[in-house]
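Fold and geometry: a report
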Amino acid sequence: MTSSILLLLLLDLSLCVWASHQHFHPHSIKIPGDITLGGLFPIHARGPHGLPCGELKKEKGIHRMEAMLYALDQINGDPSLLPNITLGARILDTCSRDTYALEQSLTFVQALIQKDTSDIRCSDGRPPVIRKPERVVAVIGASASSVSIMVANILRLFEIPQVSYASTAPELSDNNRYDFFSRVVPPDSYQAQAMLDIVKALGWNYVSTLASEGSYGESGVDAFVQISREAGGVCIAQSVKIPREPTDGEFDKIVNRLMETSNARGVIIFANEDDIKQVLEAAKRANLTGHFLFVGSDSWGAKSSPVMELEDVAEGAVTILPKRASIDRFDHYFTSRSLENNRRNIWFNEFWEDDFRCKLTRPGVEVDPSKKKCTGQERIGRDSPYEQEGKVQFVIDAVYAVAYALHSMQQQFCGDQSDGGVCSAMDPVEGRALLDYIRDVNFNGSAGTSVLFNENGDAPGRYDIFQFQMTNHSHPGYHVIGQWTNNLRLNLEEMQWSGGDKSLPDSICSFPCKPGERKKMVKGVPCCWHCELCDGYQYQVDQFTCETCPSDMRPVPNRTACRPTPIIKLEWNSPWALVPASLSMLGILATCTVVITFVRFNDTPIVRAAGRELSYVLLTGIFLIYLITFLMIAEPGVVVCAFRRLLLGLGMAITYSAMLTKTNRIYRIFEQGKRSVTPPKFISPTSQLLITFILVLVQVLGVFVWFAMVPPHTIVDYDELRPPNPDLARGILKCDMSDLSIICCLGYSILLMVTCTVYAVKSRGVPETFNEAKPIGFTMYTTCIVWLAFVPIFFGTAQSTEKMFIQTATLTVSMTLSASVSLGMLYMPKVYVILFQPEHNIQKRKRSFKGVVQAAQLSHKSVTENQNGKIKFEPDRTQ
């Protein structure tokens, strides 16, 4: 019922076509003959923006179409084949579009449609003389499977056999739906099997598929997926379809989607050459050169156009092509074509302009003077590159298959007629009978291989396997690496990949998991899994489970078990210990030198003027500061930890308590002297010692409270040095002193230091002859800078794997520098004078407090403003 309705519609459509095209399609080639064959070729590409036709296709269009003309010439020139019968042709352009090809193919069935013209009259009342269209007995074509399917649905209704030279879609093997369709190329089901065998030979088990929308691409991929599912061992990562009318950016999206399963480097591609080229361009834009490993169907084959200027991306691509050979006689024929001897090809002028990049002059049409004019003396292959298109052999074989079928039919129907020709029994040629003869042919084709068909009209599967190679070759391009005729023969040693690499690349769904990795199965893909490393401090319990090691343990290198975490401490031979210890040792020696000098010259004026009592206290504090370095480096124990707590802040507390007492005394004396002649309280040596003792006692009491609340002990800290890499994990043997407790322990000393600095600033204006506060001030300024640098270094290394070493070295060096600044600025000048300039170590006039008051008042009056608004002190130097 459906076929009948379709037939009626076609009848009406054909009448309309016939009525409007009385001159029988000026855009077609008509070769007169006794028997006419139809021809369908993609002379032009698909047109843009709704136009039916686009640019000329030189190889797939002109080369193939000329192959049919060449075959007709050879057959008509062979007296032994179809004697006294000339084969003619009606050749049409499909413009690579199935709907346009369907409209064009109606030309082939016009002669079979009975048209009622009884009601048509000329202007004078006579019936019209209507030229009868030629009868097409068989059609050679089409190229694309989608076009062949569309045309086959029409031709079968009128029982016109069809022999394709390039359509390989598996669905065309359905003899119930496409019973008048045959082909001299094997179907995609064969090449799908061949491609699956290639994938397995390369050791791949995880690939993606990419298909152009349409019968060829979709049916090819479907065949591959079906065969791989039945055979097993290969998983399909993704099946991506290229739209028939791709939008801008569509191919970039396709490449991005393929990269979602980046392990599937192998890409099985059933696509037309335009789509292949755009896929390669998108891969290059995405900087994925060498990533994808393409296995292309016969639509890619050994064509140069898809890989032109994209050779680096296409390198390593494995392609398949029905076994073929270059037909030398066709090369001679085609390269001898010229504008003069090839007028029967109506598209040859267009080909000539495109091939030689020139413009032909036409009557009444002006030629752009900037463009080169064609002379007509150009020659193909001499003045332009030429390489025989891959399907030329099959076009010739398709024409010969029909010719041999007609020859057998002639011998059967016409008997031994001496004159040959088309006998009455063959006029007209009956389509179903011709189909039977076509299916029975068996002859050696143009390449020397046998041409025959099975019960479905398919040719046997014979393929050459190519690889596109660029490196280490004197002739880069496609190289034959194997064959497939029901089984694969592949030379793996001759294969090479991107950059000339000879090793086989991987396209594997899941590699075997290494020790220490667990399998995480991919849902819905039974042959795939993800290997997840038992990361951090996990170890592998079984192939599916990871667990975390106990806190005092870490995984073994292969993460199959746990092992104890090594315990470390700061060693004496470490650079982090040697440098601070060396500095502290030098400081202790310097301190001892100062103390010995002061004791030896205890009664000299300089020692007495320095305040002997507070000086010895201050030097004791400096000595303890140097000493704490050795306690910080020593192996932690209860005794060591106790002394660390006690001495860490004690030395600094003693030092800065003594300095604070000194600066406070000087400040109070001179401030009091400005207002009164009465001396301030607590300025005697005994008072100074008492004040210092009270200030130090605060630090000592704080430490003993700490002792009472948290007795000193050692711990092994496994968390401090537990970086992401468990191989670097260490347990640190340390005293139970956190960073915060260290800062709190030093906090009181820092408060004394800041207060002392404040008093030093306030006392900067006293006369130089009285001003012991100035060296103390310089000492405190420098010390503040040292401790300001200490803070970011100490806390900035909290995440370092060597935190303990860096922080211990930073703390001890900072304390050593503080002690050295105090020792160097306060006592080294005095020692120098005592030892090397004894003439200056003499008694000067002793000043009463009244004299001090007078000097303070004079100093106060002599304060003036300099030009920059700064205060300038002009001390009275007459005293």
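First, a word on what this report is: a plain description of the structure on this page. (Residues numbered from 1 in each chain as written. Predicted model: local features only at pLDDT ≥ 70, side-chain atom pairs only at ≥ 80, totals over all residues. Heavy atoms only, no water.)

With respect to the helices, strands and loops of the structure, Glu315 is situated in the loop between helix H9 (311-314) and strand E13 (318-322). One buried charged residue, Glu315, remains without a salt bridge, the closest side chain of opposite sign being Lys502 at 10 Å. Leaving out residues up to four positions away in the same chain, Glu315 has contacts with Phe468, Met470, Thr471, Gln496, Trp497, Ser498, Gly499 and Gly500. (Helix = DSSP H or I, 4+ residues; strand = E, 2+ residues; numbered from the N terminus. Buried < 20%, exposed > 50% of the residue type's maximum accessible area, 1.4 Å probe, protein only. Lys, Arg positive; Asp, Glu negative; His and termini not counted. Salt bridge = Lys/Arg side-chain N within 4 Å of Asp/Glu carboxyl O. Contact = heavy atoms within 4.5 Å.)

It is possible for side chains of opposite charge to pair when their charged atoms get near one another. In the structure shown here, the tally under the stated rule is 25 salt bridges. Of the charged contacts, one joins Lys58 and Asp354 as a salt bridge, the two residues approaching to 3.7 Å between their closest N and O atoms. One end of the pair, Lys58, is in helix H2 (residues 58-76); the other, Asp354, is in helix H11 (residues 348-356), with 296 residues separating them in the sequence. Exposure remark for Asp354: the relative accessible area of 37% places this residue in the partly exposed category. Here Lys284 ties to Asp312 by a salt bridge, and the two come within 3.7 Å at their closest N and O atoms. With a gap of 28 residues between them, Lys284 in helix H8 (residues 273-285) and Asp312 in helix H9 connect regions that are remote in the sequence. Salt bridges sharing partners connect three or more residues here, namely Arg156, Glu159, Asp179 and Arg432.

Moving on, we come to the sheet that holds strand E1 (residues 28-31). The six strands are arranged E1-E5-E2-E6-E7-E8 in an open sheet whose pairing can be described as mixed. Strands at the two margins of the open sheet, each flanked by one partner only, are E1 and strand E8 (181-183). On average, each strand axis in the sheet is tilted by 20° relative to the strand beside it, whichever way the strands run. Against the sheet, H2 engages E1, strand E2 (35-41), strand E5 (87-93) and strand E6 (136-140), with an angle of about 175° to E5. Those strands touched by helix H3 (residues 98-109) are E2, E5 and E6, and its axis lies near 155° from that of E5. (Pairing = 2+ DSSP bridges. Axes fitted to C-alpha atoms, helices over the stretch in contact; angles between N-to-C directions.)

To continue, consider the nonpolar core. In this structure, Leu37, Met65, Met68, Leu87, Leu406 and Leu434 are the most contacted members of the largest nonpolar core, which totals 69 residues. No other element matches helix H12 (residues 392-414), which puts 14 residues into this core. Beyond its immediate chain neighbours, meaning those up to four positions away, Leu434 contacts Val137, Ala138, Pro161, Ala405, Leu406, Met409 and Val429. Val594, Phe598, Ile628 and Leu648 belong to the second-largest nonpolar core, a separate cluster that totals 62 residues. (Core = buried A, V, L, I, M, F, W, Y, C linked by side-chain atoms within 4.5 Å.)

Moving on to helix H21 (residues 803-826). For H21, built from 24 residues, the straight-helix expectation of 34 Å at 1.5 Å per residue is met to within 8% by its first-to-last C-alpha distance of 34 Å. Most of H21 is tucked away: 19 of the 24 residues are buried. (Expected span 1.5 Å × (residues − 1).)

A few words on the state of the cysteines. Inspection of the entire model under this criterion finds seven disulfides. Sulfur-sulfur distance for the disulfide between Cys53 and Cys95 comes to 1.7 Å. Here the disulfide of Cys53 and Cys95 is right-handed, its torsion about the S-S bond being about 80°. Note that Cys53 is positioned in strand E4 (residues 53-56) and Cys95 in the loop between E5 and H3, a separation of 42 residues in sequence. A disulfide bridge connects Cys641 with Cys735, and the sulfur atoms are separated by 1.9 Å. (Disulfide = S-S within 2.5 Å.)

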